[in-house]
Amino acid sequence: MVDASPLFQPLKIKGFTVRNRIVLPPMVELRGITSDAGIEWYRERSAGVGLTIVEATPTVRVVDEFSVEGLRRLTDAIHAGGALAAIQLFPIPFSWPMKDPVPTPADMDNASVELMLERYRLAAAKCAQAGFDGVEPHGAHGYLLNQFFSPKQNTRTDWYGGSLEKRMRMGMEVVRAARRGLGRDKLLLYRHTPVEDGAYGIEDSLLFAAKLVEAGVDVLDISPASAEAPGDRSEPFRKLGVPVIAVNHMDLVERTVEAMEKGRADLIAVGRGMIADPQWPQKVQAGKSDEIVKCVLCNKKCFGHLKKGLAVECTQWQGGGSV
Ligand SMILES: Cc1cc2nc3c(=O)[nH]c(=O)nc-3n(C[C@H](O)[C@H](O)[C@H](O)COP(=O)(O)O)c2cc1C
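K.L.:
I tried to follow the pattern of salt bridges on my own but got confused; where do I start?
P.N.:
Opposite charge on two side chains makes pairing possible when the charged atoms of those side chains draw close. Scanning all chains against the criterion turns up 17 salt bridges. A salt bridge links Arg121 to Glu118, with the nearest nitrogen and oxygen atoms 2.7 Å apart. Of this pair, Arg121 and Glu118 both sit in helix H4 (residues 110-129), three residues apart, which is roughly one turn of the helix. Residue classification places Arg121 among the partly exposed residues on the basis of a relative accessible area of 28%. A residue is classified by how much of its surface remains accessible, and Glu118, at 33% relative accessible area, is partly exposed. One salt bridge connects Arg184 with Asp185, and the closest N-O pair in it is separated by 3.7 Å. In this structure, Arg184 and Asp185 share a single accessibility class: exposed. Within the structure, one salt-bridge network assembled from shared partners comprises Glu235, Glu258, Lys262 and Arg264.

Spelled out as structure tokens, the structure:
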């Protein structure tokens, strides 16, 4: 059996210690992050990981809808198992299944840009107050912030579109706004997609990531991070001097360990694997990887439920059990 000890080395990031290298990546679960069921979902999945990143949550909901007390129940549940707590912040309102047309960079006038940035500041401040250790603007997967970076999606000809320098600007402004709300000491993460075919490649992404780090990012969350080998697309970002998270099909312990041992990532996120078996980290640590309830990539009750607007579940996990 593969030696998984590289996964269980703590990592210091600023004033924080992540107890191990396993991250629960942001995953919309459709229970409601401050509902009892949502809090239990996160409590269960935070018991073994080093860092939990709560699902994409619109800044406007954080600002206008959730109470500090409600969010505090969530951070308490995550911290109770020993994980750090971060939350992914989404720039615009959304609900699943996504039906309504969502704004693109071309649709946004100055007032909506200002509002978006102000909401990032306010949401980050509220999350800090509610006990989150960090926040993560969602800059990946072709959504709005990723579109600002993409020459294919961003047709603006002003301050925010055109040259690479201009396409980097919105991400940097979002990061600065979030940092203003968050304060100096907490963690600022940023999720970015390293390559978009026919639009941009890893070299442009590296220049962008360097600017994000200059603007205040403490952790780069690269998604998806693998093409030919586990973590091959997160590896180049490590030279920027901040910890890098790799995600995508990392739930096979061999892949995770390979990425760590070859120095391709500092932290590894296990998504669907943690839906299939919330005790993934505990089983790996106990040398019982063969007892893991494996994700079979059927996507039926995770992505499939999401598309129908139903609470995310798994065809494999039956719940219960302990290591
Ligand atoms: C049900 C579900 C919801 C997801 N929601 C989000 C999200 O809110 N934000 C995000 O950046 N990625 C989201 N993702 C993508 C995951 O964070 C992760 O990048 C992806 O599942 C690949 O990792 P895996 O192979 O370990 O599952 C979601 C994935 C799933 C399965």
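K.L.:
I would appreciate a short explanation of the confidence of the model for the chain in the present structure.
P.N.:
Interpreting fine coordinate detail is not advised for predicted regions of low pLDDT. Counting all residues, the mean pLDDT for the chain is 96, and 98% of those residues have values of 70 or more. Here helix H11 (residues 303-308) stands out as the least confident element of the chain, with mean pLDDT 94; strand E8 (residues 219-222) is the most confident, with 99.

K.L.:
Hey, could you run me through empty space enclosed by the protein in this one?
P.N.:
One water molecule sets the probe size; rolling that probe over the atoms shows where empty space is left. As enumerated under the stated definition, the model contains one cavity of 30 Å³ or more in all. Put simply, the largest cavity is a space of about 90 Å³. Taken together, the residues that form the lining of the largest cavity break down as seven nonpolar, three polar and four charged.

K.L.:
How should the nonpolar core be read in this particular structure?
P.N.:
Considering soluble globular proteins, one finds that nonpolar side chains tend to be buried as a cluster. In terms of nonpolar packing, the biggest core is built from 91 residues, with Leu7, Val135, Met170 and Trp280 touching the most fellow members. Here the element with the most residues in this core is helix H6 (residues 164-182); it accounts for nine residues. Counting 16 residues, the second-largest nonpolar core is a separate cluster that includes Leu84, Val219, Ile245 and Ala269.

K.L.:
For this particular structure, what's the right way to read unusual backbone geometry?
P.N.:
In terms of backbone geometry, most residues other than glycine have negative phi values and most peptide bonds are trans. Residue Pro97 is reached from Trp96 by a cis peptide bond, and omega for that bond is -10°. Tracing the backbone through its elements, the reader meets Pro97 in the loop between strand E5 (84-90) and H4. A cis amide bond links Ser223 to the next residue, Pro224, at an omega of -5°. Along the chain, the position of Pro224 falls in the loop between E8 and strand E9 (244-247). Of note in this structure, His141 is not a glycine but carries a positive phi near 60°. By secondary structure assignment, the location of His141 is in the loop between strand E6 (134-139) and helix H5 (144-149). Non-glycine residue Asn299 carries a positive phi angle of around 60°. Tracing the sequence through the fold places Asn299 in the loop between helix H10 (280-285) and H11. Relative accessible area serves as the criterion here: at 28%, Asn299 is assigned to the partly exposed category.

The rules behind these values
- Residues numbered from 1 in each chain as written.
- Predicted model: local features only at pLDDT ≥ 70, side-chain atom pairs only at ≥ 80, totals over all residues.
- Heavy atoms only, no water.
- Salt bridge = Lys/Arg side-chain N within 4 Å of Asp/Glu carboxyl O.
- Helix = DSSP H or I, 4+ residues; strand = E, 2+ residues; numbered from the N terminus.
- Buried < 20%, exposed > 50% of the residue type's maximum accessible area, 1.4 Å probe, protein only.
- pLDDT = per-residue confidence, 0-100.
- 1 Å grid on protein atoms, 1.4 Å probe; cavity = no way out; pocket = protein on both sides within 12 Å on 5 of 7 lines; lining within 4 Å.
- Points joined across faces, edges and corners; volume = space filled by probe spheres on them.
- Nonpolar A, V, L, I, M, F, W, Y, C, P; charged D, E, K, R; others polar.
- Core = buried A, V, L, I, M, F, W, Y, C linked by side-chain atoms within 4.5 Å.

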